[in-house]
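# Observations on the model geometry
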Amino acid sequence: MSATKATPSACPLSDTANTLNTDHPFWQIIRTVPNFPKAGIDFYDITPLLRSHVDEVIDALLAALPAGLIDDVDCLGAVEARGFVFASLLAGRLGKGMILLRKPGKLPPPVANKAYALEYGKDTLEMQNNLPPERVLLVDDILATGGTLTTAYELCKSAEHTVVGALVLLDLVDLHGEFPVPVYTVLKA
């Protein structure tokens, strides 16, 4: 997750332009941790946003979505672990349900699972596969290489859900290629 963090300046909290927005006010709150979880990776610690800016973050996430999209969503696909936080807050605000995409062994059977590569290792996601098909908006914190979100998308598709898009707080645009559905984001770096 390496990118250079620019010096922030004031701009609207709901900046959703296609250009990089390293001057967004959230950058004043996000902490960059160099060489974590391994050498050469800059980790963006978004947890300070959750300590005192929850409403602003949820407002910004909702503002990143095109008008009317949320009306077409049956539930949110919450990607472990920080995606659980954002999806829960959004679901509570919107009155929507959630589907959990978890690490292995955390959900009761029957589950479907898929292994994938991370930018610094390997992992597996599982989801219950006996749920009725729904229109799903995937929710996660950061889109880096795209392995986790792509796996979440593929698991939802295999369970006959329709994925209408993905919503992330931060998109590290240089680390991934095309995503199979639109990605909506608050921050780009």
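For the structure, check the block above.
Here goes a summary of the coordinates provided. (Residues numbered from 1 in each chain as written. Predicted model: local features only at pLDDT ≥ 70, side-chain atom pairs only at ≥ 80, totals over all residues. Heavy atoms only, no water.)

### Observations regarding the packing of aromatic side chains
- A complete count under the given rule lists three aromatic pairs for this structure.
- Ring centres of Trp27 and Tyr44 lie 5.2 Å apart, and the angle between their planes is 70°; this geometry places the pair in the edge-to-face category. A residue pair is termed long-range when its members are at least 10 positions apart, and Trp27 in the segment before β1 (31–34) and Tyr44 in strand β2 (residues 42–45) qualify at 17 residues. Residue Trp27 shares its accessibility class with Tyr44, and that shared class is buried. (Phe/Tyr/Trp six-rings, centres within 6.5 Å; stacked < 30°, edge-to-face > 60°. Helix = DSSP H or I, 4+ residues; strand = E, 2+ residues; numbered from the N terminus. Buried < 20%, exposed > 50% of the residue type's maximum accessible area, 1.4 Å probe, protein only.)

### Details of unusual backbone geometry
- Of note, the amide linkage connecting Phe36 to Pro37 takes the cis form, showing an omega dihedral of 5°.
- Residue placement: Pro37 occurs in the loop between β1 and β2.
- Across the junction of Glu80 and Ala81, the peptide omega takes the value 0°, indicating a cis bond.
- Locating Ala81 in the fold gives a position in the loop between β3 (75–79) and α3 (82–94).
- Although it is not a glycine, Asn35 sits at a positive phi angle of roughly 60°.
- Mapped onto the fold, Asn35 is located in the loop between β1 and β2.
- According to the relative accessible area criterion, Asn35 is partly exposed, its value standing at 48%.
- Positive phi, normally seen in glycine, also occurs at Glu160, with a value near 70°.
- Note on placement: Glu160 falls in the loop between α4 (147–158) and β8 (162–171).

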